[in-house]
Every structure is written in structure tokens, then in C-alpha cells.
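# Architecture at a glance
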Amino acid sequence: MQLSDLATVCSPNWCPGCGDLAIWGAFKSACVSEGWDSTNTALVAGIGCHGHLLNFTKLVSFEGLHGRAIPLAFGLKMSNHRLNVFVFTGDGDCLSEGGNHFIHACRRNPNLKIFIHDNAIYGLTTGQTSPTSPLGFKSKSTPEGNADFPLNPLALAIASGATFVARGYAGDIPGLSALMIKAQQHQGLAVVDILQPCVTFNKEYTHTFYRENTYQLDGSYQPTDKIAAFQKAQEWGLKSIPLGIFYAVDSPTYESRFPQIAATPLVDHSPDRPDLSGLFRKFV
Amino acid sequence: MSAPIYSLKIGGQAGQGIKSSGQLIAKVASRSGYHIHTYTEFPSLIRGGHNITQVLFSPDEIAAPLRQTDLLIALNQDTITRHLAELVSGSGLLFDADKKFRTAGAAPGVRLLPVPLAKLSGGQELLINTVAVGAALALLGGRLDTLNDLLRAEFADKGDAVIRPNLEAAAAGFDFAARNFAAQVEPRLTPLPDRPRQMIVNGAEAVALGAIAGGLQFAAIYPMSPISGILRVLAQYQAEYGYIYKQPEDEISAVNMAVGAGFAGARAMTATSGGGFCLMTEGYGLAGMTETPVVIVEGMRPGPATGLPTWSAQSDLQFILHAHQGDFPRIVLAASDIRDAFYLTRQAFNLAAKYQTPVVVIIDKDLCDDDHSYPVFDNSDFKLDRGKFTSDFNPGFARYYIESDGISTRSAPGTGNFFIANSDEHNQQGFSSEDISDVVSQQAKRLRKLDTCAQTDMPAPQLIGPPDAPLTLVSWGSNRGAVLHALRDFPDVNYLHLTWMSPFPTTAVTSQLSRARHIIDIESNATAQLAQLIAAQTGITITDHLLKFDGRPFFPDEISAKINSVLHPA
């Protein structure tokens, strides 16, 4: 498999310098490295600039509704759990419109990979405050400064029961690609919050800001302690934004709790049930 | 001439076992060879409040609940106060002899049947209803051993400690009534010989069975009255029949999960009531836009907002027909009774697969909760239809290829086929497109499916009675039973019953109604929603309506009175 196998007739329409280009690139190189193609993989996206990715990536996919990528992906995964299912979503899509789905997906631990394109702004609607925009953030919807405190996607995921929680940065394509592969190798729900600049509408969270203020978690940090992970997730400030795997533990996947799909994915069961007399007799 | 219908009603507080007592009597009746039909009224409460179950039984099939009561079993004063007026000369009132219930005001000839229920139960509150059922059984000439068999089966997993006191309570009630009211015993539940065993099912169960029969593979259903019974049955049998039931976090998730499963190639469904369907409307259109099969069961209750959670209505028809922005094809079918709910749900899975669009099956609270007896359902005649579907790899696969019948060939992830199921308007591969040719051709293609469906799968509506009549009734859904019951007395009147709401049988309805001399539209809503649909589809405006929107079902006598007012104006 080569990068060109993933090309479609559509060319990316993101702004030059957009973090989405880097996330797309990192994902495609992970696909090539791991052999993810339309026989073993399906993508699901919500609505926002991130969702355009599906048009530029030749992998079978579903572009759903704003905020609803996760339940869509869950139904897909439960019906054919042999597929790798990647959910591309945004900070507005996942944490605002889809917040309820996000926390419930975390507590169920299905083997879904959720990549949050987190640029702390609504880009597609031309620049309004998002759930991860900082307090005081000025945007079209908050001209006097954002009155809401930002939501912490990592802490929320850890508290809700996600079993793999990481933060990546769109400025480091090889590092992000490796993180995506690790997320896929994890058995269970993986959340990767990906910091990305919106070059057009977010003048605070720029590449320069991220390059100056992020650092990579090293071997001295053990991502298996939930309390430590929660504490680490609180770190955010000048020169102190950690990148890497905050939390990763083994736990049975949601799919593994259903004996009816232990041997065969649901879609491979025959739905033809001509003789139901045994079932009907229970009502006699 | 139909055999008489006997009407027994048991009432008390929530928690007194009113519904289970009604079910026991219904099962005894069914096992004794009678047809049964129950009707329940209860508030949205777990304990307290006023609960009744009506059990009708007859050697013949029963179409609808009735207002008459032949035997009222009152476990509290409230039951007597509210239902005494239903008793006529010859009716019986069974109540606790030791409680100081007031029975004043009973019609002349009403038989008072005091039974010391609490005393015979040995002071065990939970056994009072069993004593009452035993006593009623004796009064109706039923067999105690049939009741005993049912009690043993009911409490099989609870063991002898629960079974024995129940058997003793039933016997105590039975013996007391047999001894003290020997002269009043009527042969109402005397076993009928050579009757085939019947199923007893409610509409929620019938929908679940229809789904399993229709090839259900994935269901996501959030609990809500009146459809929670569907998920109870689906959850129970999932491992045995190899499908998955999932309780989601909300109805938005429910419909999106089902759409995701449909995309994967699974036969998928969800179910809800009007309030939950409000949340599902965006997923409804998503299924339409992406041409993903999904079955949605909508169990109506009176609204808006929380409305009357445990009562019935037909007020969601126009909502279901118009929910979601934009234009997309939706198949909407309304079940007329419990058996119909089984067959329509089963068919809905084939229609969804064939037309790759949402199919809504409309039921209501009364259908969901009431038990009817039927000959055992038969699934051997059913042919599963997957529609145009391919698992073969095709490097040039065009998921949304323009077809004259509107139906493109579908595939699924994992086949190697590339396509995008896209909520944006899209071209034939599914790439987002704003090109005029794509926008127009895809929209037109999707809507053509409804024409194909109307020509291929939609039957003519049912006309009951003579083709030419002085009076034509029009109705839908569960009103059918009460209308048919009323029509026993009006052989000249005909009745047009509608099941297909979208696509709509415009030609047949136009032809039937344009020859009608007088039309009465009968609906359980305040705005004549079916009549609105008929007017929109046929141009025929119905001006005479019998509308009821108090949460209660139509009783046959209300329909008879309306017919008489037209045929014999004062």
C-alpha cells in the first residue's frame, strides 16, 4: 500500500497551514504503515472542518451529523467489530454538540479510536468560541471575551472511563502518526486530543504557541495510574502543556461482553430465522 | 351473530398486582379455549394511583375494549367509586368483605359479592389479588387447576416458598366463592373442548417478535412509555437469536447507532414515543439522505411535551410525515392491531433494506400494553429481502448510481468497496458535491424510491362493508377494532381503513371517497390529522369528524352513537 492508494479525486480545501492537513497526513502515513484499507477499516466523521477529511481519503466512510459521529461509529463497530473504526471529530463536534455521546462512549470502552481535531475554535462557521477556547477568548460570538471556562477533554475522558487517553500535536506529523498507531493497537476506547492551529480564526493557539509551550511526556511518567493521569491532565500553561500518552490500561472491550459476537461479527450472522415456533410458544 | 363477550375489570392501587391479576385471568380464559382482550389504565407511577385492567373473553375474537363491566373486582374504594356506574342489573361487584367499602349508588340488580380477601390471604398483602382471582374464577365456572398450573409456572424460579402460599390463597378464594355464592356461578369460563392453544401477546411484544422474525440484527432503544416492553423482549432473547440490543444514552444516540449499524450492513431498528422521536428527527433525515436502511417504531401517547405518559393517542401522524428538514423518502405504516404490529414490523425490515430509507411503524399505547389472544404467529412464509446489495469488490463502485427506479446498489464496509455515506449532498461515489447535476439528480433519485415502493409493495387500502353505502367511515390504527365492533350493528355502512401513510394510496382513496355519500373521519387526536393527509393527497375535504383526545380508546358504543346521529338525525 502506498500513499497514492489513499488519494481521491478531491483535493484538500483546508486553508494553507491548517492543522487538519497535518492530521490527515499523519493518518495516511499510519494507514500505509499498518495496511489500513477498505477491507479492514472504516472512518466516521462529524461536521466541521475536520469532516472534509473523508473526501480526501480513499477509505470507506460515513460523514454523519454534527456531534453524532460517535454513536454512528458505535453502531458500525457493534455490527462489524473486525473493522478498525476511526472517529474523526472536532472540539465543537465532540465536546459541545456531542458531549453526551463522548462521555458514554468513554464509559463503555468500545474499541473505537476517537481523534479530536482540537483547534479551540469553530472554523467552518467562521470563528466562534468552542468548548476548549480559554476564558476571555475573543471571537465573533464572544467579542468581549469568553465567559465560559474551557472544558478539559483529557480529564473528561479519564473521568468518564476511557482506557487510552493521549494528546498529540499537529505540528509533529511523525509523532502524531506513531500516536495514532498506538491508539489503534490499544484494545478499547482510545481518545487522542490533537492540538491544531486554526490559522484563519484562532490567533492565540498558533504553531508558535504550541511549539514554545508543549513538551513530550518521557519514560519517567507512568500512564497506568488514573489519579496521576487526571492530575497530569490538569497541566496547561506556558511551557507546560504535556504531549503523549496520559493514561493507558487494559480493560475488556464493550464488544467482548456480547457472547453472540464472540466467534462471528454480527453482520456475518444470517438474519434469516424461518423457524421461530420455539419463541412464539413462549407466549402461549 | 357473534357470541357474547364477558367483561371483567379488576382495580386497585399500583403495587397491588392489578395487571398481573388481569393477566392470570386472561391466561386461564385462553387456556380454557376463549379469546381474550385486555385493556389497562394506569398512571405514570410505580406505587399508588388508580390502576385497572379489563379482561374481555368470548368464544369468538374480540375487536375492542368495551365500556360495560359484568364483574368488577375492587381491591380499593377508588375502584368502586370510579367504576360503579359501569355495572348494570346482573353485574357483580366483588370486594373485601371486611373493609368498609361504600357500595351505595349501585344500579338495581347489581350483585354484591363480599369476600373476606384480607382474612383469606392470611394477612399477606401480596396475596390479596390471588385470593380475588381464585374467587372470581369460581364465580365464572373456571377450573382451579388451570390457575394453579399458571401460578406454578409464574413463580417457578422463586420456589415453593412463594408457590405454595399462592396456591393456598387461590384455593381459599375459590372455595369461599364456590361455597357462599353457589347459586350465582355462571358458566363463563367453563373449558371449551377442542380449541387450539392461542398466543397471548401485547403490541410491544408483537413488535419485538416481528423484528426478530424480520431479521433484526441491531436494536438501540432508549426506555420510554409506551414502548419499553419492546426492549424488554429484545433484551431477553438477544443471545439466543444472535442479535444485539443496546440501551443508548438518549434517543439521538439510539437512531444514530441504528443508522451506523445499517451502514455496516446489519438490519437495524430503534423505537420510541413522540418525545423521543423529537430527538430522533435529525437521524431520521440522515438515514434518508445517506440511503441507509433503518426501522423506527413510534408508539404514540398524548402530547405535547410530557403529555399523558401512560395514555394513548394518534396525534403524531403529521409529525412523523413531516419531521426533519428538506425532502426525503420515508415509508410510514400504521398498525391496526397487535397481529398487524407483528406483520408490519417484520415487513418494515424488508422495506427498509429494499428502499434504503427509514421505515416508520406507528403503534400506540393501547396497542403496546394490551394483551390479545391470536393463533400462534407463523414465520414460515416470510422471505427475507436484502434488496440491491453487493459484497463483491468493484474498484469503480458507485454507491449512489442513478437508477430509474431510484434504488442504487448498496454495499458495506469491509467489502473493499470505497464509498462515502455522506450527510452532505453528494455525487454517485458519495463525495460532497454542490454541482447542480448532482444535487438535482440525487434528490430526484431518492424521491423516486417512493414511487417505486407505491407501485411495487403498497397494497390497496382495506374497504370493509359494501362498496356503496349511505355512510363511509374512515380511520386508522387501533381504532379499527372499535369501528369493526360497532359495524356489526350497521351492515350497510362501510369502512375505509388506512395503513399506508407514505407512500399514500391516493388513487384508491380518491376513488372510494369520491363516491361516498357521507364520510365520518374517526381519529384519536384533536386536529383530524388523517383527514388533513387525505385532503392533501386527494383534494377531498372531510367535514364530519369524530375526534377523541382524552387518552382513552374509542369504545364501540361511541362510534355507534355517531353513526346513528348521521343515519337517523333527530
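Residues numbered from 1 in each chain as written. Chains lettered and ligands numbered in written order. Predicted model: local features only at pLDDT ≥ 70, side-chain atom pairs only at ≥ 80, totals over all residues. Heavy atoms only, no water.

### Focus: the overall build of chain B
Cut-off, in case you're wondering: The helix count covers DSSP runs of H or I at least four residues long, the strand count covers runs of E at least two residues long, and both are numbered beginning at the N terminus. Between the two quantities, the radius of gyration covers C-alpha atoms and the globule rule is 2.2 Å times the number of residues to the power 0.38. Every residue pair with non-hydrogen atoms within 4.5 Å of one another is taken to be in contact. Residue burial considers only the protein chains on display, and all accessible areas are found by Shrake-Rupley using a 1.4 Å probe.
Summing up its helical and strand segments, chain B has 18 helices and 21 strands in all. Taken against the 2.2 N^0.38 rule, which gives 25 Å for 570 residues, the C-alpha radius of gyration of chain B at 26 Å falls within 12% of a compact globule. Projected onto its principal axes, the C-alpha coordinates of chain B cover approximately 85 × 60 × 45 Å. In chain B, 70% of the contacts between residues at least 6 apart in sequence involve partners at least 24 apart. Surface exposure of chain B reaches about 20,300 Å², of which carbon and sulfur atoms provide 52%.

### Considering the overall build of chain A
Short version of the rule: Here the term buried applies to any residue with accessible area under 20% of the maximum for its type, exposed to any over 50%, and partly exposed to those in between, with areas from a 1.4 Å probe on protein chains only.
Scanning chain A from terminus to terminus reveals 9 helices and 8 strands. Taken against the 2.2 N^0.38 rule, which gives 19 Å for 284 residues, the C-alpha radius of gyration of chain A at 20 Å falls within 12% of a compact globule. The dimensions of chain A, computed from C-alpha atoms along their principal axes, are 70 × 45 × 40 Å. Across the 284 residues of chain A, 58% fall into the buried class. Across chain A, contacts joining residues at least 24 apart in sequence account for 71% of those joining residues at least 6 apart. Element-wise, carbon and sulfur atoms account for 55% of the exposed surface of chain A, whose accessible area totals about 10,800 Å².

### Some points on the sheet that holds strand S17 (residues 472–476) of chain B
Residue and element names in this part refer to chain B. Here is the rule we go by: Any two strands are treated as partners once DSSP identifies two or more bridges connecting them. Structural elements are reduced to axes, namely lines fitted to C-alpha atoms, with helices fitted over the stretch in contact, and the angle between N-to-C directions of any two is expressed from 0 to 180 degrees.
An order of S16-S18-S17-S20-S21 is seen for the 5 strands of this open sheet, with the pairing classed as mixed. Two strands lie at the open edges of the sheet, namely strand S16 (462–464) and strand S21 (544–547), each paired on one side alone. Pairs of neighbouring strands in the sheet enclose a mean axial angle of 20 degrees, with direction left out of account. Inspection of the sheet shows S16 paired to strand S18 (residues 494–498) by 3 bridges, in the antiparallel sense. Residue pairing for S18: Gln462 is matched across the bridge by His497.

### Points about the interface of chain B and chain A
For clarity, the cut-off: Defined in terms of a 1.4 Å probe, buried area is the accessible area two parts forfeit on being brought together, summed over both. Whenever Lys or Arg places a side-chain nitrogen within 4 Å of a carboxyl oxygen from Asp or Glu, that contact is recorded as a salt bridge. Here a polar contact means two N or O atoms within 3.5 Å. Within protein one must be a hydrogen donor candidate and the other an acceptor candidate, and residues neighboring in sequence count only if both atoms are side-chain atoms. When residues are sorted by character, Ala, Val, Leu, Ile, Met, Phe, Trp, Tyr, Cys and Pro go into the nonpolar class, Asp, Glu, Lys and Arg into the charged class, and all the rest, Gly among them, into the polar class.
In this complex, chain B contributes 68 residues to the contact, which on the side of chain A involves 50 residues. Summing the contributions of chain B and of chain A, the shared interface buries around 4,800 Å²; its carbon and sulfur component is 65%. At the junction of chain B and chain A, the tally comes to 2 salt bridges. Across the chain B-chain A interface, the total number found is 22 residue pairs in polar contact (both at pLDDT 80 or more). Breaking the side of chain B that touches chain A down by element, the ones donating at least two residues are strand S7 (198–202), helix H7 (203–213), helix H8 (228–241), strand S9 (244–246), helix H9 (251–264), helix H10 (274–290) and strand S15 (420–422) of chain B. At 9 residues, H9(B) tops the list of elements feeding residues into the side of chain B that touches chain A. Across the side of chain B that touches chain A, the residue classes tally to 35 nonpolar, 22 polar and 11 charged.

### Things to note about the nonpolar core
It is characteristic of soluble globular proteins that their nonpolar side chains tend to be buried jointly. Put simply, the test is: For the purposes of this section, nonpolar cores are sets of buried Ala, Val, Leu, Ile, Met, Phe, Trp, Tyr and Cys residues that join through side-chain atoms within 4.5 Å.
Counting 91 residues, the largest nonpolar core has Phe102(A) and Met501(B) as the members making the most contacts within it. The biggest single contributor to this core is H9(B), with 8 residues. Each residue touching Met501(B), except ones within four places of it in the same chain, is listed here: Leu317(B), Leu321(B), Val332(B), Ala334(B), Trp476(B), Leu530(B) and Leu533(B). Core analysis: the second largest hydrophobic core is formed by 54 residues, Phe342(B), Tyr355(B), Val359(B) and Ile407(B) among them.

### Quick word on the domain arrangement of chain B
Residue and element names in this part refer to chain B. Operational definition: These domain boundaries are the output of an automatic or database domain assignment.
Structurally, chain B comprises domain 1 (6–195), domain 2 (201–375), domain 3 (388–457) and domain 4 (462–567). Taken together, the contact pairs 14 residues of domain 1 with 11 residues of domain 2. Among the residues domain 1 hides against domain 2, the three largest losses belong to Ile36, Thr38 and Phe42. Together they make up 36% of the total. Scanning the region where domain 1 abuts domain 2 turns up 1 salt bridge. For Arg339, the salt bridge goes to Glu61, with nearest N and O atoms at 3.5 Å. On inspection of domain 1 and its partner domain 2, the count reaches 9 residue pairs in polar contact (both at pLDDT 80 or more). When residues of the side of domain 1 that touches domain 2 are assigned to their parent elements, the largest contribution, 7 residues, is made by strand S2 (residues 35–41). Of the residues assigned to the side of domain 1 that touches domain 2, the class counts are 5 nonpolar, 6 polar and 3 charged.

### Overview of empty space enclosed by the protein
Residues and elements named next belong to chain B. The criterion, for reference: Note on definitions: the grid is 1 Å and covers protein atoms alone; a cavity is a set of points where a 1.4 Å probe fits but cannot get out; a pocket is an open set with protein on both sides within 12 Å along at least five of seven lines; lining residues have an atom within 4 Å of a point. Grid points are joined across faces, edges and corners, and a volume is the space filled by probe spheres set on the points.
In the structure shown here, the tally under the stated rule is 3 cavities of 30 Å³ or more. Taken as a whole, the largest cavity holds about 80 Å³ of empty space. Around the largest cavity, the lining residues are Ala266, Arg267, Ala268, Pro293, Val294, Val295, Phe349, Ala352, Ala353, Arg386 and Arg410. Elements supplying a minimum of two residues to the lining of the largest cavity: strand S11 (294–300) and helix H12 (338–355). The residue inventory of the lining of the largest cavity, partitioned by class, reads 8 nonpolar, no polar and 3 charged. Its boundaries defined by the atoms lining it, the second largest cavity holds a volume of some 50 Å³. Taken together, Gly262, Phe263, Thr290, Glu291, Thr292, Arg399, Tyr400, Arg410, Ser411, Phe419 and Ala421 form the lining of the second largest cavity. Residue assignment places the lining of the second largest cavity across two domains, with domain 2 (201–375) and domain 3 (388–457) each supplying three or more.

### A few points about the packing of helix H5 (residues 153–160) of chain A against helix H8 (residues 226–233) of chain A
Residue and element names in this part refer to chain A. To keep things clear, this is the line we draw: The labels follow the angle: roughly parallel below 35 degrees, roughly antiparallel above 145, roughly perpendicular from 65 to 115, and oblique for the rest. Take the far helix as the reference: if the near one is turned anticlockwise from it by less than a right angle, the crossing is left-handed, and if turned clockwise, right-handed.
Where H5 meets H8, the closest approach of the two axes is 8 Å, and the angle between their N-to-C directions is 160 degrees. One element, H5, and the other, H8, form an angle in the roughly antiparallel class. Crossing of H5 over H8 shows left-handed handedness. When H5 is examined against H8, the residues Leu154, Ala155, Ile158 and Ala159 are found in contact with a partner set consisting of Lys226, Ala229, Phe230 and Ala233. Grouping the constituent residues of the contact of H5 with H8 by class yields 7 nonpolar, no polar and 1 charged.

### Quick word on the packing of aromatic side chains
Here is the rule: Here a pair means two rings of Phe, Tyr or Trp (six-membered ring of Trp) with centres within 6.5 Å. Their orientation is stacked below 30 degrees between planes, edge-to-face above 60, and tilted elsewhere. Sitting over a ring, as applied to charges here, requires NZ of Lys or CZ of Arg to be within 6 Å of the ring centre and within 35 degrees of the ring normal.
Taken as a whole and assessed by the stated rule, the structure comprises 34 aromatic pairs over all chains. For the pair Tyr169(A) and Tyr210(A), a centre-to-centre distance of 5.5 Å together with 50 degrees between the ring planes defines the contact as tilted. Taken together, the residues Tyr169(A) in strand S5 (residues 164–169) and Tyr210(A) in helix H7 (residues 207–213) connect sequence positions 41 residues apart. In this pair, the class of Tyr169(A) matches that of Tyr210(A), namely buried. Ring plane angle 85 degrees and centroid distance 4.8 Å describe the contact between Phe342(B) and Tyr343(B), whose orientation is recorded as edge-to-face. The class for Phe342(B) is buried, based on a relative accessible area of 0%. Chaining the aromatic ring pairs together yields one cluster made of Phe27(A), Trp36(A), Phe86(A), Phe88(A) and Phe115(A). When the ring centre of Trp24(A) is taken as origin, the NZ or CZ atom of Lys28(A), which lies over that ring, is 3.4 Å away. Over the face of the ring belonging to Phe328(B) we find Arg330(B), whose NZ or CZ atom lies 4.2 Å from the ring centre.

### Side note on the environment of Ser256(A)
All names here are of chain A. Along the chain, Ser256 turns up in the loop between strand S8 (241–248) and helix H9 (277–281). Residues Ser256 and Pro110 lie 146 residues apart in sequence; the distance between their C-alpha atoms is 8.8 Å. Within the structure, Ser256 has its side chain in polar contact with the backbone oxygen of Thr253 (distance 2.7 Å).

### Describing the packing of helix H2 (residues 69–79) of chain A against H9(B)
Between H2(A) and H9(B), the least distance of the axes is 6 Å, while the angle of their chain directions is 45 degrees. The angle between the axes of H2(A) and H9(B) places the two elements in the oblique class. For the pair H2(A) and H9(B), the sense of crossing is right-handed. Of the residues in H9(B), those touching H2(A) at Pro71(A), Leu72(A), Phe74(A), Gly75(A), Leu76(A) and Ser79(A) are Ser253(B), Asn256(B), Met257(B), Val259(B), Gly260(B), Ala261(B), Phe263(B) and Ala264(B). Its residues placed into classes, the contact of H2(A) with H9(B) shows 9 nonpolar, 5 polar and no charged.

### Structural notes on a nonpolar patch on the surface
Residue and element names in this part refer to chain B. What counts is decided by this rule: What goes into a patch is any residue over 30% in relative accessible area without a salt bridge, connected to like charges within 9 Å or, for nonpolar side chains (Val, Leu, Ile, Met, Phe, Trp, Tyr), within 5 Å.
On the surface, Ile436, Val439 and Val440 cluster together into a nonpolar patch covering about 280 Å² of accessible area. For Val440, the position within the fold is in helix H14 (residues 436–456). In this structure Val440 comes out as exposed when scored by relative accessible area, which is 52%.

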